[in-house]
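Spelled out from the first residue to the last, the chains are:
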Amino acid sequence: MIDTFLIVLPLMLSPGPANLVSFALAARVGFARVLMFQLGILVVYAFVAVALGLLANQVSGSVQYATATLQLLGGLFIGYLGLRLACRKRPDLAGVEGPSFLKGAILQILNPKYPAVVLAVFASRTDQPMLMTAGIVVAVGAAGLLIYSLAGSLVRSLLSAEKHLRILDVAFGLLLGVVGIWIAAQAFIPVT
């Protein structure tokens, strides 16, 4: 179990789309207002982890094309979200509700990084019970979301001026854009 945790830790704590968006949203609206959004992400984490665990032995050569398509479309979508974040004008956040459960679930459904991470973990942990591996993936993912949103909330309290928040939007928009382009480009790199 500890070896699985050590494999999952760097994968789930890396600055992927869910973690970066959690940071950016918490920096904008605060920690408490992103919790439902993160719950949506976690529900998809759990569903995908269990589904891929059940199907891990059924993976065939045709999945490569499905994965490449998911990477391309998901990466382009994440790049679009980054561009949109970097280019938008700061709205007045007074009275605005936090991001929703549904938006968190949709973000995670379109996150092409996650299925690949889960498949890699299951491929390396064939001797461990599937539900235990899925549970570790979800628990570490939840910890990552918590860490990134707490860090975003801290940045929010330190940089409350409007111009600082705009700089954060641009920085994270560009970072999300780069992550999206990198993910989309992975669809064209042959698997060895």
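Reading the values: rules and limits
Within each chain, residues carry numbers counting from 1 in the order of the written sequence. Where totals are concerned, whole chains, interfaces and linings use all residues; where local detail is concerned, this predicted model gives features only for residues with pLDDT of at least 70, and gives and counts side-chain atom pairs only at 80 or more. Neither water nor hydrogens contribute to the side-chain values; these are computed over all heavy atoms in the structure. We count a stretch as a helix when DSSP gives it H or I for four or more residues in a row; a strand needs E for two or more, and each element gets its number in order from the N terminus. Burial classes: relative accessible area under 20% of the type maximum marks a residue as buried, over 50% as exposed, and values in between as partly exposed (1.4 Å probe, protein chains only). Contacts are residue-level and defined by heavy atoms, with any inter-residue pair within 4.5 Å sufficient. Residues adjacent in sequence count toward polar contacts only when both atoms are side-chain atoms; beyond that, a polar contact is any pair of N or O atoms within 3.5 Å, and within protein one must be able to donate a hydrogen and the other to accept it. Axis definition: a line fit to C-alpha positions, over the contact stretch in the case of helices; interaxial angles, taken between N-to-C directions, run 0 to 180 degrees. Oblique is the label for any angle not under 35 degrees, not over 145, and not in the 65 to 115 range, which are roughly parallel, roughly antiparallel and roughly perpendicular in turn. When the near helix sits turned anticlockwise from the far one by under a right angle, the crossing is termed left-handed; a clockwise turn instead gives a right-handed crossing. To estimate how far a helix should reach, multiply one less than its number of residues by 1.5 Å. What pLDDT conveys is the predictor's confidence in a given residue, as a value from 0 to 100.

## Thoughts on the overall build of the chain
- Of regular secondary structure, the chain possesses eight helices and zero strands.
- Moving toward the C terminus, one meets the helices and strands of the chain in the order α-α-α-α-α-α-α-α.
- The burial tally for the chain puts 42% of its 192 residues in the buried class.
- Nonlocal contacts in the chain, meaning residues at least 24 apart in sequence, comprise 90% of its contacts between residues at least 6 apart.

## Some remarks on the side chain of Ser 22
- With respect to the element layout, Ser 22 can be found in helix 2 (residues 17–29).
- A residue is classified by how much of its surface remains accessible, and Ser 22, at 0% relative accessible area, is buried.
- Among the polar contacts made by the side chain of Ser 22, one reaches the side chain of Gln 38 at a distance of 3.2 Å.
- Among all residues touching Ser 22, those that are not within four sequence positions of it are Phe 37, Gln 38, Ile 41, Leu 145 and Ser 149.

## Some words on the packing of helix 3 (residues 35–55) against helix 7 (residues 130–158)
- At their nearest, the axes of helix 3 and helix 7 sit 9 Å apart, and the two run at 155° to each other. In terms of axis orientation, helix 3 runs roughly antiparallel to helix 7. As helix 3 packs across helix 7, the resulting crossing turns out to be right-handed. Where helix 3 abuts helix 7, its residues Gln 38, Ile 41, Leu 42, Tyr 45, Ala 46, Ala 49, Val 50, Gly 53 and Leu 54 lie against Met 130, Leu 131, Ala 134, Val 138, Gly 141, Ala 142, Leu 145, Leu 146 and Ser 149.

## Considerations on helix 2
- With 13 residues, helix 2 should reach 18 Å at 1.5 Å per residue; the first-to-last C-alpha distance of 18 Å fits that figure.
- Summarising burial for helix 2: 13 of the 13 residues are buried, a large majority.
- Backbone geometry just after helix 2 places Gly 30 at a positive phi near 100°.

## A look at the confidence of the model for the chain
- Scored by pLDDT, the chain has a mean of 76; 72% of the residues are at 70 or more.
- Across the chain, helix 3 holds the top mean pLDDT of 90, while helix 1 (residues 2–13) sits lowest at 68.
- With pLDDT under 50 throughout, residues 91–96 is counted as low confidence; its partners more than four residues away or in other chains account for four contacts.

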